[in-house]
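The chain contents come next:
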Amino acid sequence: MNYFNYFTEIEDAFVRRRGKHLFLSPMDWALMESWKQQDIPLHLVLRAIERAFDSFESRPRKRSVKSLLYCQEEVEAQFAEWLESRVGANELSPEEKQDDSSKHFSTTAIETHLSEKKKILQHLLNAAGDPNFSETLARAIDRLSELQVEVTGANQVDARRLEDSLTGVDRMLSDALLLNEHEESKVLMEEIKAQLKPYRSQMEKAAYDQTFNNLLLKRLRDKFGIPRLSLFYL
């Protein structure tokens, strides 16, 4: 799947079908991240959004669709059907091949991106009080330095490989945040439970758990100022 277009194309499709501009909520972004982490192909999500709105518009209602969660059930249904159809298949469809393409970025833009993120992490390291988290920050900074050297010495940057490396560093930082037991985490967990409560009955357990964890991580990263390293934020 094309990581770089995954979120923006879903957002564009949802806003277009809704008919009014609407900023997606943190919960909607967490839901999209859960779809990405489940490896749900982009073309399936887009098709599910279209079908969900077709169904909604066939039975006019007073209330409008305000959240991407309205499309969740259709996305899961489309994905289940796709998985079943893929049993024993080896060839990718043209849509899947297109989803798997990588976007090319200039070396200068990538070097600037890595440098800026490294400066933020260094600032956090200088102010960090927890030894374990300080060690994780230091490891992340070292890894970004290594990637900078690789990018500078490359004739052409392999964006997909670099994205995988940045995802690994991001995961390391996220794991460190979750392992850190602090009062802020408990408060945020209660807030997220309350936020998701109206939708829990509409979601599969796996989707709910993934959305919950994504929201918690997003809140923790925002709380502690941890930048997102992905090239999607370039």
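Everything below is about the structure shown above.
Read on for a plain summary of the structure. This is a predicted model, so every value here is computed, not measured. (Residues numbered from 1 in each chain as written. Predicted model: local features only at pLDDT ≥ 70, side-chain atom pairs only at ≥ 80, totals over all residues. Heavy atoms only, no water.)

Before going further, it helps to examine the overall build of the chain. In terms of regular secondary structure, the chain is built from 10 helices and zero strands. Counting from the amino terminus, helix and strand elements in the chain follow one another as α-α-α-α-α-α-α-α-α-α. Counting across all 234 residues of the chain, residues that qualify as buried make up 42%. Relative to all contacts within the chain whose residues are 6 or more apart in sequence, the contacts with residues 24 or more apart total 78%. Of the roughly 13,400 Å² of accessible surface on the chain, a fraction of 50% belongs to carbon and sulfur atoms. (Helix = DSSP H or I, 4+ residues; strand = E, 2+ residues; numbered from the N terminus. Buried < 20%, exposed > 50% of the residue type's maximum accessible area, 1.4 Å probe, protein only. Contact = heavy atoms within 4.5 Å. Areas by Shrake-Rupley, 256 points an atom, 1.4 Å probe, with all protein chains shown as cover.)

Quick look at the environment of Met203 now. One can find Met203 in the loop between α9 (183-196) and α10 (205-224). You can call Met203 buried: its relative accessible area is 9%. In the structure, Met203 is positioned 134 residues away from Leu69 in sequence and 8.6 Å away in space, judged by C-alpha atoms. Here Met203 is in contact with Leu31, Leu69, Tyr208 and Thr211, once residues within four sequence places are set aside.

We now examine the side chain of Arg17. In this structure, Arg17 sits in helix α1 (residues 3-18). Setting aside anything within four residues of it in sequence, one finds Arg17 in contact with Glu50, Phe53, Asp54 and Glu57.

This paragraph deals with the packing of helix α7 (residues 131-153) against helix α8 (residues 159-179). The relative placement of two packed helices is expressed as an angle between their axes plus a distance between the axes. At a closest axis distance of 10 Å, the pairing of α7 and α8 adopts a crossing angle of 175°. Between α7 and α8, the angle falls in the class roughly antiparallel. Contacts between α7 and α8 involve Phe133, Thr136, Leu137, Arg139, Ala140, Arg143, Leu144, Leu147 and Val151 from the former and Leu162, Ser165, Leu166, Val169, Met172, Leu173, Ala176 and Leu177 from the latter. Of the residues contributing to the contact of α7 with α8, the split by class is 13 nonpolar, two polar and two charged. (Axes fitted to C-alpha atoms, helices over the stretch in contact; angles between N-to-C directions. Parallel < 35°, antiparallel > 145°, perpendicular 65-115°, else oblique. Nonpolar A, V, L, I, M, F, W, Y, C, P; charged D, E, K, R; others polar.)

Take the packing of helix α2 (residues 26-37) against α10 next. At a minimum axis separation of 8 Å, α2 and α10 run at an interaxial angle of 120°. Overall, the two elements α2 and α10 adopt an arrangement that is oblique. As α2 packs across α10, the resulting crossing turns out to be right-handed. Two secondary-structure elements touch here, α2 through Pro26, Met27, Ala30, Leu31, Glu33, Ser34 and Gln37 and α10 through Gln210, Thr211, Asn214, Leu215 and Lys218. When the residues that make up the contact of α2 with α10 are grouped by side-chain class, the tally is five nonpolar, five polar and two charged. (Left-handed = near helix turned anticlockwise from the far one by under 90°.)

Before going further, it helps to spend a moment on the pattern of salt bridges. A side chain with one charge may pair with a side chain of the opposite charge, provided their charged atoms come close. All chains considered together, the criterion is met by 13 salt bridges. The shortest N-O distance in the salt bridge between Glu191 and Arg219 comes to 3.4 Å. With Glu191 in helix α9 and Arg219 in helix α10, this pair connects stretches of sequence that are 28 residues apart. Taking relative accessible area as the criterion, Glu191 reaches 42% and is therefore assigned partly exposed. Assessed through its relative accessible area of 24%, Arg219 is described here as partly exposed. Put simply, Asp222 and Lys218 hold a salt bridge, and the shortest N to O gap is 3.3 Å. Taken as a pair, Asp222 and Lys218 lie in helix α10 at a separation of four residues, close to a single helical turn. Residue classification places Asp222 among the exposed residues on the basis of a relative accessible area of 52%. Taken together, the shared-partner salt bridges in this structure form one network comprising Arg16, Arg17, Glu50, Asp54 and Glu57. (Salt bridge = Lys/Arg side-chain N within 4 Å of Asp/Glu carboxyl O.)

The subject of this paragraph is the environment of Asn5. Its location among the elements puts Asn5 in helix α1. Along the backbone, Asn5 and Leu42 are 37 residues apart, and their C-alpha atoms lie at a distance of 8.8 Å.

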